[in-house]
Amino acid sequence: MFLHGTSRINDAGHLEIGGCDVTELKAEYGTPLYILDEQLVRRRCREYMEAFTASGLGFQVAYASKAFSIMAMVRLVDEEGLSLDVVSDGELYTALQAGFPAGRIHFHGNNKTPDEIEMAIDAGIGCFVVDNLVELGLLQAIAARKEATVNVLLRVTPGVEAHTHEYTSTGQTDSKFGFDIGNGAAYEAVKVAAGQPNLKLLGVHSHIGSQIFETDGFQLAVERVAGFARSVKEGLNVEFQVVNLGGGFGIRYVEGDTPLQVSEYVGAISDAVKTYFAGIYSKLPQIWVEPGRSIVGDAGTTLYTVGTQKDIPGVRKYVAVDGGMTDNPRPALYQSKYEALLANRADEAATETVSIAGKCCESGDMLIWDVELPEANSGDLLAVACTGAYNYSMASNYNRIRRPAVVFVQNGQSDLVVRRESHQDIIVNDIVPARIAKQTVAK
Ligand SMILES: *Cc1c(COP(=O)(O)O)cnc(C)c1O
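Owing to the predicted nature of the structure, the values given are computational and were not obtained by experimental measurement.

**Digging into the site of the ligand**
Thinking step 1. Close to the ligand lie 14 residues; Lys66, Ser210, Glu290, Arg293 and Tyr390 are nearest.
Thinking step 2. Between an oxygen atom of the ligand and a main-chain N or O atom of Arg293, the distance comes to 2.7 Å.
Thinking step 3. A distance of 2.5 Å separates an oxygen atom of the ligand from a polar atom in the side chain of Tyr390.
Thinking step 4. Here the ligand, which alone exposes 380 Å², has 92% of that area covered by the protein.
Thinking step 5. Looking at the shell around the ligand, its residues break down into three nonpolar, seven polar and four charged.

**Focus on the domain arrangement of the chain**
Thinking step 1. Once the domains are mapped, the chain shows domain 1 (8-37 + 298-427) and domain 2 (38-296).
Thinking step 2. Spacing between the C-alpha centres of domain 1 and domain 2 amounts to 33 Å.
Thinking step 3. The partner domain 2 presents 20 residues to the 21 residues of domain 1 that form the contact.
Thinking step 4. Among the residues of domain 1 in contact with domain 2, Asp298, Tyr390 and Phe408 are the three that bury the most area, contributing 31% of the side total.
Thinking step 5. The salt bridge involving Arg44 is made with Asp298; its shortest N-O contact spans 2.6 Å.
Thinking step 6. Applying the counting rule to domain 1 against domain 2 returns twelve residue pairs in polar contact (both at pLDDT 80 or more).

**Thoughts on the packing of aromatic side chains**
Thinking step 1. For the coordinates displayed, the defined rule picks out twelve aromatic pairs.
Thinking step 2. Centre to centre, the rings of Phe107 and Phe128 are 6.1 Å apart; their planes meet at 10°, and the pair counts as stacked. In this pair, Phe107 sits in strand 7 (residues 105-107) while Phe128 sits in strand 8 (residues 127-130), placing the two residues 21 residues apart along the sequence.
Thinking step 3. Residue Phe107 is classed as buried on the basis of its relative accessible area, which comes to 0%.
Thinking step 4. The buried category is assigned to Phe128, whose relative accessible area is 1%.
Thinking step 5. Relative to Phe249, the ring of Phe218 lies with its centre 4.9 Å away and its plane at 25°, an arrangement referred to as stacked. Of the two residues, Phe218 sits in helix 8 (residues 216-236) while Phe249 sits in the loop between strand 14 (242-244) and helix 9 (262-277), which places them 31 residues apart along the sequence. Taken individually, Phe218 and Phe249 each receive the classification buried, so the pair is uniform in this respect.
Thinking step 6. Between Arg155 and the ring centre of Phe177, over which it is positioned, the NZ or CZ distance is 4.2 Å.
Thinking step 7. In this structure, Arg252 is placed above the aromatic ring of Phe2, and the distance from its NZ or CZ to the ring centre is 3.7 Å.

**A few points about unusual backbone geometry**
Trans is the prevailing form of peptide bonds, just as negative phi is the prevailing case for residues other than glycine.
Thinking step 1. Residue Pro32 is bonded to the preceding Thr31 through a cis peptide linkage, with omega at -10°.
Thinking step 2. Secondary-structure assignment places Pro32 in the loop between helix 1 (22-29) and strand 4 (33-37).
Thinking step 3. Its identity as a non-glycine residue notwithstanding, Asn237 has a phi of 55°, on the positive side.
Thinking step 4. The backbone phi angle of Arg400 is positive, close to 55°, even though this residue is not glycine.
Thinking step 5. Along the polypeptide, Arg400 turns up in the loop between strand 21 (381-385) and strand 22 (405-410).
Thinking step 6. You can call Arg400 partly exposed: its relative accessible area is 45%.

**Remarks on the sheet that holds strand 3 (residues 20-21)**
Thinking step 1. Spatially, the three strands line up as an open sheet ordered 1-2-3, and their pairing is antiparallel. Strand pairing shows two members of the sheet lacking a second neighbour, strand 1 (8-9) and strand 3, which therefore form its edges.
Thinking step 2. As defined by bridge partners, strand 2 (residues 15-17) adjoins strand 3 across two bridges and the pair is classed as antiparallel. When the sheet's bridge partners are listed, Glu16 is paired in strand 3 with Asp21.

**Things to note about the nonpolar core**
Thinking step 1. Tyr63, Phe68, Met73, Phe128, Leu154, Phe240 and Val296 are the most contacted members of the largest nonpolar core, which totals 92 residues.
Thinking step 2. Looking at this core, the element that brings in the most residues is helix 8, giving nine residues.
Thinking step 3. Each of two domains, domain 1 (8-37 + 298-427) and domain 2 (38-296), supplies a minimum of three residues to this core.
Thinking step 4. In this structure Tyr63 touches Phe68, Met73, Val77, Leu82, Ser83, Leu84, Asp85, Pro291, Gly292, Ile295 and Val296, once residues within four positions along its chain are discounted.
Thinking step 5. Core analysis: the next-biggest nonpolar cluster, separate from the first, contains 21 residues, Val254, Ala340, Leu367 and Leu382 among them.

**Thoughts on the environment of Gly18**
Thinking step 1. By the secondary structure assignment, Gly18 is in the loop between strand 2 and strand 3.
Thinking step 2. Between the C-alpha atoms of Gly18 and Gln39, which are 21 residues apart in sequence, the distance is 7.4 Å.
Thinking step 3. Residues within four places of Gly18 in sequence aside, it is in contact with Thr6, Val409, Gln410, Asn411, Gly412 and Gln413.

**Let's talk about the side chain of Ser55**
Thinking step 1. Position of Ser55 among the secondary structure elements: in helix 2 (residues 38-55).
Thinking step 2. Ser55 gets classed as buried once you look at its relative accessible area, which sits at 11%.
Thinking step 3. There is a polar contact of 2.6 Å between the side chain of Ser55 and the backbone oxygen of Phe52.
Thinking step 4. Those residues in contact with Ser55, other than ones at most four positions away along the chain, are Ser270 and Lys274.

**A word on helix 1**
Thinking step 1. By the burial criterion, the buried members of helix 1 are Val22, Leu25 and Tyr29. In a view along the axis of helix 1, the buried residues occupy a sector of 50°, so they form one face of it. Summarising the geometry of helix 1, the exposed residues directed more than 90 degrees from the buried face are Glu24 and Ala27.
Thinking step 2. Two residues or fewer after helix 1 comes Gly30, characterised by a positive phi angle close to 80°.

Rules used in this analysis
- Residues numbered from 1 in each chain as written.
- Predicted model: local features only at pLDDT ≥ 70, side-chain atom pairs only at ≥ 80, totals over all residues.
- Heavy atoms only, no water.
- Near = heavy atom within 4 Å.
- Polar contact = N/O pair within 3.5 Å; in protein donor to acceptor, adjacent residues only side chain to side chain.
- Areas by Shrake-Rupley, 256 points an atom, 1.4 Å probe, with all protein chains shown as cover.
- Nonpolar A, V, L, I, M, F, W, Y, C, P; charged D, E, K, R; others polar.
- Domains from an automatic or database assignment.
- Contact = heavy atoms within 4.5 Å.
- Buried area = accessible area lost by both parts, 1.4 Å probe.
- Salt bridge = Lys/Arg side-chain N within 4 Å of Asp/Glu carboxyl O.
- Phe/Tyr/Trp six-rings, centres within 6.5 Å; stacked < 30°, edge-to-face > 60°.
- Helix = DSSP H or I, 4+ residues; strand = E, 2+ residues; numbered from the N terminus.
- Buried < 20%, exposed > 50% of the residue type's maximum accessible area, 1.4 Å probe, protein only.
- Lys NZ or Arg CZ within 6 Å of the ring centre and 35° of its normal.
- Pairing = 2+ DSSP bridges.
- Core = buried A, V, L, I, M, F, W, Y, C linked by side-chain atoms within 4.5 Å.
- Arc of directions from axis to C-beta.

Below you can see the structure in the form of structure tokens.
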């Protein structure tokens, strides 16, 4: 397994993260356990801030909190000076409860409810990323009623769609998100937005995909957005102060993944902005980006305890762990690949190929197909790397499995940041109507 950040194998042959031996973390917190390498998260945040500072452009780096939204993470991101994206009242509530400055919060989503819009206006968030005309009308109406002026970006689809290892350039983007540049919808939206008395149009937003390993897709998006900015300036006399280029910067999950350095992504984007906007505006727009996965993904490790095994001679050996698709649905959802090691015997050579199964009642509940490991025994610890993003935030209680605890580790210290759910938590929202509660089964 590739060792990220502060992860290393210690003298006892155990995996150690942030100076903490995972066998001790297991003893203290149990498994499954999400372990976050705090130093690596901070390093990723600083890489973005430093690369943009070096670009000389005005900027904001907004952490896309959907990747991993908990109060401690929000605090950490605030400490590092980033802004924050939220896409629901729940993420907004988390941010506000964590004391994140509202002025640096951006609200996303293709179907914000009136209640969410009210909550966000009342909180005084920095801007709304408006997805469609229905939302634009709703936002204007609510802002007018509250006698507020709200900042907006319009989400546009530039006709660039990035897939994991390639991007495709399409004339007409088939997406549920945003205003299409190609068919004129984005132009109309600028016209409408600029005429709303309670909205202040800051600029545009474009997000082309996720887990992207090249810069060409971003550069093409900048070129298209710049062309759009030119037509809007000429036709409507509107200038964008902000161009938000979204997230999607790729990370290394497994051997063979070849992400770029943060500085390479940022350098390519800022160069493209300088190139394509130079002839349009006298003052270059601010550049905002929204990394999620690349801030927190490789800093996370999930620790499991090995339980049962099923060996089908000549076919496959299944090794089952005490978690699965409830704490990491990505393999089942996206066929995502992960690497793993036996964390309490991390110095031993691999001797067999096995597949890691979860404990849910689903054949698709697999974490890894085919991983090389030493022969595992019940009670061994299995560590799966790169689970910081879209794991805890996508976790479920399927099979009424309790969601795991989360710890931050750094400098030999571990801090519990999410406690493990209890049996009581599982039924906390259940209500049994009285007419059923009193009855017993007739014999
Ligand atoms: C998901 C998303 C992001 C973050 O994507 P990552 O791949 O995690 O960097 C940023 N912006 C928008 C609009 C998104 O939907």
